[in-house]
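Residues per chain are reported as follows:
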Amino acid sequence: MSVPTASEFCNRRPTGDERLRPEIYVVTLVTLIALAAVLGSDLPVEITFAPHDDSLYAIRAYYLLHGAAFGPYDSHTLSKLPGISFWLAWSRTLGVPYLTGIALLYAGAGLYMLAALGRAGVGRTLRLILFALYMLNPVTMGVEWHRVLREPLGTDLFVLLLAAMLFVLLAADGRGRARLHVAVLAATFAFALLVREDDVMLWGLLALFAVAMLRAASTARATGLAAARGLVLVGVLIPAASAWIAAHLARDFVEAHYGLPILDDMSEGEFPRLLAAIRSVDSGTDNRLVMAPMETLTQLGSLIPEFAPVVGHLPPVGPNTPSCQLQGVCSEWSNGWMPFWIKDGAAAAGLTPTLVAGQRYFRRVRKAIEAACARGALKCTDRGSGFIPPFELRWTRALVHAFGAVLEMTLAPNPNTMSAPPVLYNVSVSLGRIFQAVTMTDHFDTLAQTSAVDAPAQPGYRNPLAGWRVPLARLYRPLAAALIALGLVAVVLRWTLYPHVAEAPLFWFGALFFAFAALRLAALADVSVFLGPFDPRIMFSTYTGALLVSPAAVADLIRARRASRAPRD
Amino acid sequence: MRRIVRLLALVLALICAPAVAAPSDTAITFRVPVVPETARYLDLLAAPSYLALALENNGFSPSLSSRMTLNSRESFQIKAGILTYTGRKGPVFDYDAGLNLSLGVSESKFTIPVEVDTSELSRGTIVVRVYPPLAKLFPRELIDRIDFKIRTLANLPAQHKVLDYLDQLAKAERARGRGFDGLLEAIAFDAYNHSIVPSQAAPGCDRGEATPLSDQIVLLLTLAIWIVGFPVLVYYVRARRKAHAAE
């Protein structure tokens, strides 16, 4: 029995979508971009003092702009990947304000995705609906989007990456050329890996992409099988090589200024090994959220004199600690804080004045712990060598809870919508000025910061649409959650119910996305078991990607159903 | 050698502390934006323990990393640091900010005067002056951190929240015919009602404690059914439909 493929079916029978005139399509796109711009037009950069986040990124960019690498080394300098600071510095060098740059990249990535979906056969009406969902995404009107955090940039890059992948998949299927899109894919992939630590999972996306490409290439007709297989190699190897080169260049940069090629000294080098050594010491505390109990640290402090000053600098535990108030760990510091306290304690004791000295110090302490374990002075059990301990079956219930929490964040993350811009910021004037210099925000008044009376009651510009943001977010979240769930169901149903209809690239694209989303959710849930709950912003990129992919997956299901019922030629 | 020099500098600072304790030109000044309506509760500055409790009751703890100890109405302590109200000269409230230093065999107390000048309160600012020894030698970074801490505690939404809270308590106390002391009592009772039960900070009550694997057998079986069973079902349905279409 010969049944047309989804692609053949689309080519043969014009869809209702094509009735929408191109001029109307373009005008509506422009209107949506303008509407999104106006909706957020009164929202400035949310200047925030966060030594491991916002202020770290801004201060590093400030030093980069002054040709002083990331500034003087301290325990924070390399505690996060440098990509966001590079972006801030480039953006400032080009004279593009930070939020404008993020908004332009977001809109550009969305349009690029629309072009890819258009080539995949998605009609104009559906693309318009999809773009409306994308541009009115409530997370783009939230506090986290306006802070100097990595998630907005990571979200833009993720959408760009997905669109480039769809273009290359289509090229493998014989639709269009791939050269430009492979270049976009390679550049985006390479840079994205320098932005967030958890984006190391993008290697998983690339592997899934290779599988989807091979599948698409196996049914390719226009380009020929050999050419399609060549494209698979190019489409996967070039991004992989680019990522390797970019990481190498970044490491060279760090080594040239700080002495060692370490991009993130929380998860690379000697510090995670030291944490693993501390974790290996048996203690009376058996808590997944506590890898370094106070009892163990005190014991280590008395056994290893070099470690004693660090123990002396640790803040006391108790009911008023954020560990107790946010994560319910009151008799210890949970893993969300203790690793930072140990690193900060070593810095405060003057033991890690440089990256090289710090790495040597952590190595000496680790060796001392290992030696104490070996000679029996400490009772130790191997609990892995990385920052995160290996999973044990007894944490299954916690894993299920964590997965549920991460899934909820993916379906409907709390956007923390900004109803009005802040009048004053809780930062020192000098830090505010650094943010001002780096992000080019015009919403930091040095004089107003000194008096509540001199400060205006509200900002000069009043956005007429500001009142729409909160109701819009309320309406949007349940609808988007249902749509994303529907998208996932559509991919499963499409694969299960219509096996006789050959899969179009759009199906592989949907399957690729949801497989990656499942992989990411599982990995983050595993990390969350040990680090405690994440902030919803960690799922912004997956959420935004799902908003774009889900309607297309539903459309693909409908097409497959039509194709399966179409009369044979 | 550097350690010896640092130790000498510390000892010198301790010895000189009483000498420079009096207000001098070498003050570190912080200008804090404050909503003028806080003038209604200016007397709370003379009872810093209650003010700290009022902040805690609204979720603005002076210290997130350790518990506050209240010594008296005028004095409270966080770790080794003590703040004591010492008097008032018109709009200026005087305090001693102290540090208990443990030198192994004995304890030494090191205090520096702090002034809170409320004369500009109607213009939306209060001025905090700290008179440490060798003030000019204080690193800018440290001053910025203190400035940040003050601003964190005294940001405008926080001030409005605390102000609303105090207004609410004061109104209730006025209705009962009680004045400022009634307000202080209400703050203290509220603090007690908000406090975390001490057993929550005890080992064995933390979230994340291990649970036996045997308690999770049913969960593991359910997961196994879903993780293995559902894909098998989906694959089976697909295979059947494929075979049906091929016929």
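Treat the numbers as computed from the prediction; the structure is a model and nothing was measured. (Residues numbered from 1 in each chain as written. Chains lettered and ligands numbered in written order. Predicted model: local features only at pLDDT ≥ 70, side-chain atom pairs only at ≥ 80, totals over all residues.)

**A few points about the overall build of chain B**
Along its length, chain B carries 6 helices and 7 strands. Taken from N to C terminus, the helices and strands of chain B fall in the order α-β-α-β-β-β-β-β-β-α-α-α-α. Relative to its full complement of 247 residues, chain B shows a buried share of 19%. (Helix = DSSP H or I, 4+ residues; strand = E, 2+ residues; numbered from the N terminus. Buried ≥ 20, exposed ≤ 12 C-beta atoms within 10 Å, placed from the backbone.)

**Some details on the overall build of chain A**
Secondary structure summary: chain A contains 22 helices and 0 strands in total. A compact globule built from 569 residues should have a C-alpha radius of gyration of about 25 Å, and chain A, at 26 Å, falls within 12% of that. The dimensions of chain A, computed from C-alpha atoms along their principal axes, are 85 × 65 × 45 Å. Residues classed as buried in chain A amount to 51% of the 569 residues present. Considering only intrachain contacts with a sequence separation of at least 6, the fraction spanning at least 24 residues in chain A is 79%. (Rg over C-alpha atoms; globule rule 2.2 N^0.38 Å. Contact = placed C-beta atoms within 7 Å.)

**Brief notes about helix H16 (residues 338-348) of chain A**
All names here are of chain A. Among the residues of H16, Met 338, Pro 339, Ile 342, Lys 343, Asp 344, Gly 345 and Ala 346 are the ones counted as buried. Those residues of H16 that are buried are in contact with helix H12 (270-280), helix H14 (308-312) and helix H17 (355-375). After H16 finishes, the residue Gly 350 shows a positive phi value of roughly 75°.

**Brief notes about the environment of Val 234 of chain B**
Counting through the fold element by element, Val 234 of chain B comes out in helix H6 (residues 217-246). Each residue touching Val 234 of chain B, except ones within four places of it in the same chain, is listed here: Val 492 and Thr 496 of chain A.

**Re the packing of helix H2 (residues 48-57) of chain B against helix H4 (residues 156-175) of chain B**
Residues and elements named next belong to chain B. At a minimum axis separation of 10 Å, H2 and H4 run at an interaxial angle of 110°. Classified by the angle between their axes, H2 and H4 sit roughly perpendicular to one another. Across the interface between the two elements, Ala 54, Leu 55 and Asn 57 from H2 touch Val 162, Tyr 165 and Leu 166 from H4. Across the contact of H2 with H4, the residue classes tally to 5 nonpolar, 1 polar and no charged. (Axes fitted to C-alpha atoms, helices over the stretch in contact; angles between N-to-C directions. Parallel < 35°, antiparallel > 145°, perpendicular 65-115°, else oblique. Nonpolar A, V, L, I, M, F, W, Y, C, P; charged D, E, K, R; others polar.)

**Comments concerning the nonpolar core**
Grouped together as the largest cluster of nonpolar side chains are 177 residues, with contacts concentrated most on Leu 161, Ala 163, Leu 166, Val 168, Leu 169 and Phe 189 of chain A. Formed jointly, this core draws a minimum of three residues from each of two domains, domain 1 (22-260 + 462-565) and domain 2 (270-386) of chain A. When residues no more than four places from it in sequence are discounted, the contact partners of Val 168 of chain A are Ala 178, His 181, Val 182, Leu 185 and Gly 235 of chain A. Within the second largest apolar cluster, 29 residues are counted, among which are Ala 47, Ala 52, Leu 53 and Tyr 95 of chain B. (Core = buried A, V, L, I, M, F, W, Y, C linked by C-beta atoms within 7 Å. Domains from an automatic or database assignment.)

**A few points about the confidence of the model for chain A**
All names here are of chain A. Across chain A, the average pLDDT comes to 89, with 92% of residues at or above 70. By mean pLDDT, the top-scoring element of chain A is helix H4 (residues 83-94) (97), and the lowest-scoring one is helix H1 (residues 6-12) (44). Across residues 1-16, confidence stays below pLDDT 50; counting only partners more than four residues off in sequence or on other chains, it has 30 contacts. (pLDDT = per-residue confidence, 0-100.)

**Side note on the domain arrangement of chain A**
Residues and elements named next belong to chain A. Domain boundaries in chain A define domain 1 (22-260 + 462-565) and domain 2 (270-386). Relative placement of domain 1 and domain 2: their C-alpha centres are 37 Å apart. With 3 residues, helix H21 (residues 505-531) is the largest single contributor of residues to the side of domain 1 that touches domain 2.

**Things to note about the packing of helix H3 (residues 54-65) of chain A against H4 of chain A**
All names here are of chain A. One can describe the packing of H3 onto H4 by two numbers: an axis separation of 8 Å at closest approach and a directional angle of 50°. By the criterion of interaxial angle, the relationship of H3 to H4 is oblique. H3 and H4 meet at a crossing whose hand is right-handed. Every residue of H4 that contacts H3 at Tyr 57, Ala 58, Arg 60, Ala 61, Leu 64 and Leu 65 is listed here: Ile 84, Ser 85, Leu 88, Ala 89 and Arg 92. Looking at the contact of H3 with H4 residue by residue, the classes come out as 8 nonpolar, 1 polar and 2 charged. (Left-handed = near helix turned anticlockwise from the far one by under 90°.)

**A look at H3 of chain A**
All names here are of chain A. In this model, H3 (12 residues) spans 17 Å end to end at C-alpha, consistent with the 16 Å of a helix rising 1.5 Å per residue. Burial analysis of H3 places 10 of its 12 residues in the buried class, which makes it a mostly covered element. Turning to H3, its buried residues number three or more, namely Asp 54, Ser 55, Leu 56, Tyr 57, Ala 58, Ile 59, Arg 60, Ala 61, Tyr 62 and Leu 64. Residue Gly 67 follows H3 closely and has a positive phi angle near 70°. (Expected span 1.5 Å × (residues − 1).)

**Quick word on the environment of Tyr 543 of chain A**
All names here are of chain A. Among the secondary structure elements, Tyr 543 is positioned in helix H22 (residues 540-565). A tally of 24 C-beta atoms within 10 Å means that Tyr 543 is categorised as buried. Along the sequence, Tyr 543 and Asn 137 sit 406 residues apart, while their C-alpha atoms lie 9.5 Å from each other. Each residue touching Tyr 543, except ones within four places of it in the same chain, is listed here: Val 139, Thr 410 and Pro 413.

**Quick look at unusual backbone geometry**
All names here are of chain A. Of note, Ala 69 is a non-glycine position whose phi angle comes to about 50°, a positive value. On the basis of neighbour count, Ala 69 is assigned to the partly exposed category, with 18 C-beta atoms found within 10 Å. Backbone geometry places Met 440, a non-glycine residue, at a positive phi of 65°. Relative to the assigned elements, Met 440 resides in the loop between helix H19 (429-439) and helix H20 (469-497). For Met 440, a count of 17 C-beta atoms within 10 Å gives the class partly exposed.

**Remarks on the confidence of the model for chain B**
Residue and element names in this part refer to chain B. For chain B, the mean per-residue pLDDT works out to 77, and 77% of the residues sit at or above 70. Predicted confidence for residues 1-24 stays below pLDDT 50, and this span has 16 contacts to residues more than four positions away or in other chains. For this predicted complex, the interface score ipTM comes out at 0.77, alongside a pTM of 0.77.

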